[in-house]
Amino acid sequence: QVQLVGSGGGLVQPGGSLRLSCAASGSIFSIRDMGWYRQAPGKSREWVTSITADGNTNYADSVKGRFTISRDNAKNTVYLQMNTLKPEDSAVYYCNADVRTSAWGPTRGYWGQGTQVTVSS
C-alpha cells in the first residue's frame, strides 16, 4: 500500500504565498512523476504542475511564473510553492505520484487526500 499525505493549505490574502507539501509512504520501490492538481467548486479537476524524477518541470499557463514545484527524492516528498496568489487559485489541491511498488511491477498513480487553499481578502 502507498499513502500520500498533503499539508500546508489554508486561507491567504490575494498576493500572498503558501507552500504545500505531500509525502508518499508505504511500499515504494520508485516514484516517477509527481504533480499537483486542483479542483474548484463546480469545476473539473485540473492539472497544475508536474515534476519528473530527475527534476524536469512543467506548469499550466495559469500558474507559470507564480508557482514552483520541487521534490526531495530521499523523502519521497513533493512541494508546491505558490506566490502572488489570486482568488481564482482557490481550490482543493491534490498531489499525485506515479509509484512502482516492486522492481517488476507496473507504475500506478496514487492521490493525496486534498488540501484546501482559499485566497480571499
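Residues numbered from 1 in each chain as written. Predicted model: local features only at pLDDT ≥ 70, side-chain atom pairs only at ≥ 80, totals over all residues. Heavy atoms only, no water.

A. Representation of the packing of aromatic side chains. As enumerated under the stated definition, the model contains 1 aromatic pair in all. An angle of 65° between the planes, with centres 4.9 Å apart, marks the rings of Tyr37 and Trp111 as edge-to-face. Of the two residues, Tyr37 sits in strand β4 (residues 30-39) while Trp111 sits in strand β10 (residues 107-111), which places them 74 residues apart along the sequence. Directly above the ring of Tyr79 sits Arg19, whose terminal nitrogen or CZ lies 4.2 Å from the centroid. A cation over a ring is seen here: Arg45 above Tyr94, with NZ or CZ 3.7 Å from the ring centre. (Phe/Tyr/Trp six-rings, centres within 6.5 Å; stacked < 30°, edge-to-face > 60°. Helix = DSSP H or I, 4+ residues; strand = E, 2+ residues; numbered from the N terminus. Lys NZ or Arg CZ within 6 Å of the ring centre and 35° of its normal.)

B. Region of interest: the side chain of Thr49. Residue position: Thr49 is located in strand β5 (residues 46-51). Exposure remark for Thr49: the relative accessible area of 0% places this residue in the buried category. A polar side-chain atom of Thr49 sits 2.7 Å from the main-chain carbonyl oxygen of Asn58. (Buried < 20%, exposed > 50% of the residue type's maximum accessible area, 1.4 Å probe, protein only. Polar contact = N/O pair within 3.5 Å; in protein donor to acceptor, adjacent residues only side chain to side chain.)

C. Spatial organisation of the nonpolar core. Formed by 29 residues in total, the largest nonpolar core has its most connected members in Leu4, Trp36, Phe67, Val78, Leu80, Met82 and Tyr93. Elements with a contribution of two residues or more to this core: β1 (2-7), β3 (18-26), β4, β5, β7 (67-72), β8 (77-82), β9 (91-100) and β11 (115-119). Per-element tally for this core: the top contributor is β9, with 5 residues. Discounting chain neighbours no more than four positions away, the residues touching Leu4 are Cys22, Ala23, Ala24, Cys95, Asn96, Ala97, Tyr110, Trp111, Gly112 and Gln113. (Core = buried A, V, L, I, M, F, W, Y, C linked by side-chain atoms within 4.5 Å. Contact = heavy atoms within 4.5 Å.)

D. The side chain of Arg71, seen in detail. Position of Arg71 relative to the elements: it lies in strand β7. A polar contact of 2.7 Å, which involves the side chain of Arg71, links it to the backbone oxygen of Arg32. Within the structure, the side chain of Arg71 is placed 3.3 Å from the backbone oxygen of Ile51, a separation counted as a polar contact. Residues contacting Arg71, with those up to four places away along its chain left out, are Ile31, Arg32, Asp33, Met34, Ile51, Thr52, Ala53, Thr77, Val78 and Tyr79.

E. Geometry of the state of the cysteines. Scanning the model with the defined rule gives 1 disulfide in all. Between Cys22 and Cys95 runs a disulfide, and the two sulfur atoms are separated by 1.9 Å. Taking the sign of the S-S torsion, about 50° here, the bridge from Cys22 to Cys95 comes out right-handed. Taken as a pair, Cys22 in strand β3 and Cys95 in strand β9 lie far apart in primary sequence, 73 residues in all. Residue Cys22 is classed as buried on the basis of its relative accessible area of 1%. (Disulfide = S-S within 2.5 Å.)

Everything listed here is a matter of coordinates, which is why it stays silent on function.
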